[in-house]
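Listed below, chain by chain, are the residues.
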Amino acid sequence: MKIPSPILRTYQNLHSWTGIIAGLFLFIGFFAGALTMFKEPIDSWSSPPELTLSHPQTTNYDHLIDLATSQFPAVIKGFTLDLNPSHSPLTWYESGNARELGLNDSIRHASLDPQGQLISVLETPNELANLIDYLHQSAGIPGELGHHLVGGYIVGFAALIYFLALVSGFIFLLPTLTKSFFALRKNKGPSRFWLDSHNLLGITSFPFHIIIALTAVVFAFHDFFYAGLSLIYGEVALFERSSAAAVAYQIDALPNISEHINAAQAYVSGYQVQTISFFGLNTTTPFATLTLLNEHEMMRGPLYDYLYMNPYTLEITGSTLTPGNEGIWSRIVASFFALHFGSYGGQWVRWVYFILGLGGAALFYTGNLLWLEKRRNKHSIEQSKSYTRMAALTVGVCLGCIAGVMAAILITKWATSSVLKVNEIYVWVYYTTFLAALGYAFWQGAAKAAIHLLNLIILLCLLIPITSLGTALLLPTPWFNTHDQAWYVELIAVLFAGIAYFGQQKVKQRAHHGEQNSIWFIASPAVKQRISAQNLEANS
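Residues numbered from 1 in each chain as written. Predicted model: local features only at pLDDT ≥ 70, side-chain atom pairs only at ≥ 80, totals over all residues. Heavy atoms only, no water.

Caption draft 1: Representation of the overall build of the chain within the structure. What the chain contains, in helices and strands, is 16 helices and 10 strands. Counting all 540 residues of the chain, 50% fall into the buried class. In the chain, once contacts between residues fewer than 6 apart in sequence are set aside, the share between residues at least 24 apart is 68%. Surface accessibility of the chain: about 26,500 Å² in total, with carbon and sulfur atoms responsible for 63%. (Helix = DSSP H or I, 4+ residues; strand = E, 2+ residues; numbered from the N terminus. Buried < 20%, exposed > 50% of the residue type's maximum accessible area, 1.4 Å probe, protein only. Contact = heavy atoms within 4.5 Å. Areas by Shrake-Rupley, 256 points an atom, 1.4 Å probe, with all protein chains shown as cover.)

Caption draft 2: Geometry of the confidence of the model for the chain. Overall, the prediction assigns the chain a mean pLDDT of 80, with 74% of residues at 70 or greater. The least confident element of the chain, judged by mean pLDDT, is helix H6 (residues 177-180) at 55; the most confident is helix H13 (residues 422-444) at 94. (pLDDT = per-residue confidence, 0-100.)

Caption draft 3: The pattern of salt bridges, seen in detail. Within this structure, the stated rule accounts for 2 salt bridges. Between Lys 39 and Asp 133 there is a salt bridge, with its nearest N and O atoms 3.4 Å apart. Taken together, the residues Lys 39 in helix H2 (residues 39-46) and Asp 133 in helix H4 (residues 128-138) connect sequence positions 94 residues apart. Among the salt bridges present, the one from Glu 94 reaches Arg 108, with a minimum N-O distance of 2.7 Å. Highlighted residues: Glu 94 in strand E2 (residues 90-95) and Arg 108 in strand E3 (residues 106-112), separated in sequence by 14 residues. Owing to a relative accessible area of 14%, Arg 108 belongs among the buried residues under this scheme. (Salt bridge = Lys/Arg side-chain N within 4 Å of Asp/Glu carboxyl O.)

Caption draft 4: Region of interest: the nonpolar core. Formed by 91 residues in total, the largest nonpolar core has its most connected members in Phe 31, Val 395, Met 406 and Phe 496. It is helix H12 (residues 385-416) that contributes the most residues to this core, 18 residues altogether. Core analysis: the next-biggest nonpolar cluster, separate from the first, contains 35 residues, Val 75, Leu 112, Val 273 and Leu 292 among them. (Core = buried A, V, L, I, M, F, W, Y, C linked by side-chain atoms within 4.5 Å.)

Caption draft 5: Expanded view of the side chain of Thr 275. Here Thr 275 is to be found in strand E7 (residues 272-279). When its relative accessible area of 12% is taken as the criterion, Thr 275 is described as buried. Reaching out from Thr 275, the side chain makes a polar contact with the side chain of Thr 291 at a distance of 2.6 Å. Sequence-distant contacts of Thr 275, defined by excluding residues within four places in its chain, comprise Thr 80, Leu 81, Asp 82, Thr 289, Leu 290 and Thr 291. (Polar contact = N/O pair within 3.5 Å; in protein donor to acceptor, adjacent residues only side chain to side chain.)

Caption draft 6: Spatial organisation of H2. Counting buried residues along H2, 6 of its 8 residues qualify, which places the element largely inside the surrounding structure. Within the sequence span of H2, burial applies to Glu 40, Pro 41, Ile 42, Ser 44, Trp 45 and Ser 46.

Caption draft 7: Representation of the side chain of Asn 310 in the model. Along the chain, Asn 310 turns up in the loop between strand E9 (305-309) and strand E10 (316-319). Judged by its relative accessible area of 13%, Asn 310 is buried. One polar contact links the side chain of Asn 310 to the main-chain amide nitrogen of Tyr 312, over a distance of 2.8 Å.

Caption draft 8: Main features of the environment of Ile 409. Take Ile 409: it is sitting in helix H12. Residues Ile 409 and Ile 132, 277 residues apart in the sequence, show an inter-C-alpha distance of 9.9 Å. Setting aside anything within four residues of it in sequence, one finds Ile 409 in contact with Trp 45, Leu 128, Ile 464 and Val 489.

Caption draft 9: Representation of the packing of H12 against helix H14 (residues 446-474) within the structure. The geometry of H12 relative to H14 is characterised by a closest axis approach of 9 Å and an angle of 15° between their N-to-C directions. Taken together, H12 and H14 sit at an angle that is classed as roughly parallel. As for how H12 packs across H14, the hand of that crossing is left-handed. In terms of residue class, the contact of H12 with H14 is made up of 22 nonpolar, 4 polar and 1 charged. (Axes fitted to C-alpha atoms, helices over the stretch in contact; angles between N-to-C directions. Parallel < 35°, antiparallel > 145°, perpendicular 65-115°, else oblique. Left-handed = near helix turned anticlockwise from the far one by under 90°. Nonpolar A, V, L, I, M, F, W, Y, C, P; charged D, E, K, R; others polar.)

Caption draft 10: Summary view of empty space enclosed by the protein. As enumerated under the stated definition, the model contains 2 cavities of 30 Å³ or more in all. By volume, the largest cavity amounts to about 70 Å³. Looking at the largest cavity, the residues that line it are Leu 35, Ile 42, Met 406, Ile 409, Val 489, Ile 492 and Ala 493. Among the elements of the structure, H12 and helix H15 (488-513) are those that each provide at least two residues to the lining of the largest cavity. For the lining of the largest cavity, the element with the highest residue contribution is H15, accounting for 3 residues. Split into classes, the residues belonging to the lining of the largest cavity amount to 7 nonpolar, no polar and no charged. (1 Å grid on protein atoms, 1.4 Å probe; cavity = no way out; pocket = protein on both sides within 12 Å on 5 of 7 lines; lining within 4 Å. Points joined across faces, edges and corners; volume = space filled by probe spheres on them.)

Caption draft 11: Structural view of the pairing of strand E4 (residues 118-123). Both E3 and E4 contribute to a ladder of 6 bridges, which runs antiparallel. What sits directly across from Arg 108, in E4, is Leu 122. Connecting E3 to the antiparallel partner E4 that follows it, the hairpin turn spans 5 residues, and Gly 116 within it adopts a positive phi of roughly 85°. (Pairing = 2+ DSSP bridges.)

Caption draft 12: A look at H13. Taking 1.5 Å as the rise per residue, H13 with 23 residues should run 33 Å; its terminal C-alpha atoms sit 32 Å apart, in good agreement. Taken residue by residue, H13 has Val 422, Asn 423, Tyr 426, Val 429, Tyr 430, Thr 433, Phe 434, Ala 437, Leu 438 and Ala 441 as its buried positions. (Expected span 1.5 Å × (residues − 1).)

Caption draft 13: Representation of the packing of aromatic side chains within the structure. What the rule picks out here adds up to 19 aromatic pairs. On the basis of an interplanar angle of 90° and a centroid distance of 5.9 Å, the ring pair of Phe 30 and Tyr 162 is categorised as edge-to-face. Of the two residues, Phe 30 sits in helix H1 (residues 5-36) while Tyr 162 sits in helix H5 (residues 150-173), which places them 132 residues apart along the sequence. Exposure class is identical for Phe 30 and Tyr 162. Each is buried. Ring plane angle 80° and centroid distance 5.2 Å describe the contact between Phe 38 and Tyr 488, whose orientation is recorded as edge-to-face. Here Tyr 488 lies in helix H15 and Phe 38 lies in the loop between H1 and H2, a separation of 450 residues in the sequence. Grouping residues by exposure puts Phe 38 and Tyr 488 together as buried. Taken together, the ring pairs in this structure connect Phe 31, Phe 38, Trp 351, Phe 354, Trp 487, Tyr 488 and Phe 496 into an aromatic cluster. (Phe/Tyr/Trp six-rings, centres within 6.5 Å; stacked < 30°, edge-to-face > 60°.)

Below, the structure written as structure tokens:
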């Protein structure tokens, strides 16, 4: 395919600059997003087993709710019934709520003992998985604007220009696509190898990246889209809402839990009810949210689909199911959620999304390396400050993010077993590690910092399974969860250790045996003086 050179240069420049602007924000988003594919295993791994109360018999759920509401007034505001035997059957917030990330929220777990008496325990929920998801949504940029994250808007804007980088890169590569698609030319130098790797990652995962880019824009700016649609639809509601009752309901009239489950199964077959969350039970507008699981269907949430009903009349007021009665705009929004979260096809799709997410992070990292390689001064060992700063920024942000997350995971079980506030510790550990890595990269330079930070990542990752073994053997209450694939955390840590070791070996090889005028070459003062003299002599 023949495309005029001026057009190719335009698309090449567009691809380079949009990629550079968006790359560092999106590296964090993709890396953390890959981990959120296993949010439930991370939750199980980071939650102490003694806080999970055993389930009563199914017929005792109604008795459990009656006892809880009579002894704890906070239950009336809202509670969640979990039908998964590996989770506590009844939970509710005594402070905070599920819609906002709170580091000091308190949740009470309740169940029945063998004699049918209420037992409960109060805990601060572990927010490790939610904090990783926070990084995914905001790239770790703190602050809120209205009810949205400031970082969410920035990541949304980065996703928009990332879409431009994808399209321009595809057009730029199109003329040579058939020749260079699967080429990995190691014998033509590191630059050619990284270029081939970058192109291969980008083209093979192109549809995935298009989906992620567009859905991220929708998530970030959906309020603006709704505002624009309201100008067209006027007073017509975009989403159906249930009407208020004439008088407030009373919890005494709440139907049995089995009736709620039967109503959901009558509405849609093939789905399993996972949880039922009740809200506003003593108001004129009560509602219940049921999470439903069917791994063979596209689901709106990261794990489940949702069904909304009036908990007293059992009337279905909305859903994310297919087919559903929720209207065209709800269906469109649900489709965007499903495509972004990969909530279909079971565990193997989650692993595919996990690998594609890591590939996306690698795409941004290799893109920055290629940009740096193209702009280095090949006739001098001394590089411009803008060049060295961009190299340090790339290494510091990318490796600092990985090290920060791994350090937070590593500290989890020891901090939880102490009197420390573990969620606050997470924040301090992540941001301290991240900023320290960034500062170290600017102090030592990209090459040295990359080697040392990769060594740190290897150490942190290997210590995670060692810590799991230690807490299982040394703590008074052995801590080793086996449900909800909690062992995925150790598996992923070992996987990252292997990837970091491979990267460290590549950086070390280039640092000592690569091109001497590269930012990745580590030269002694004597070597630097000799190379500078040679370059001066050659130029004269």
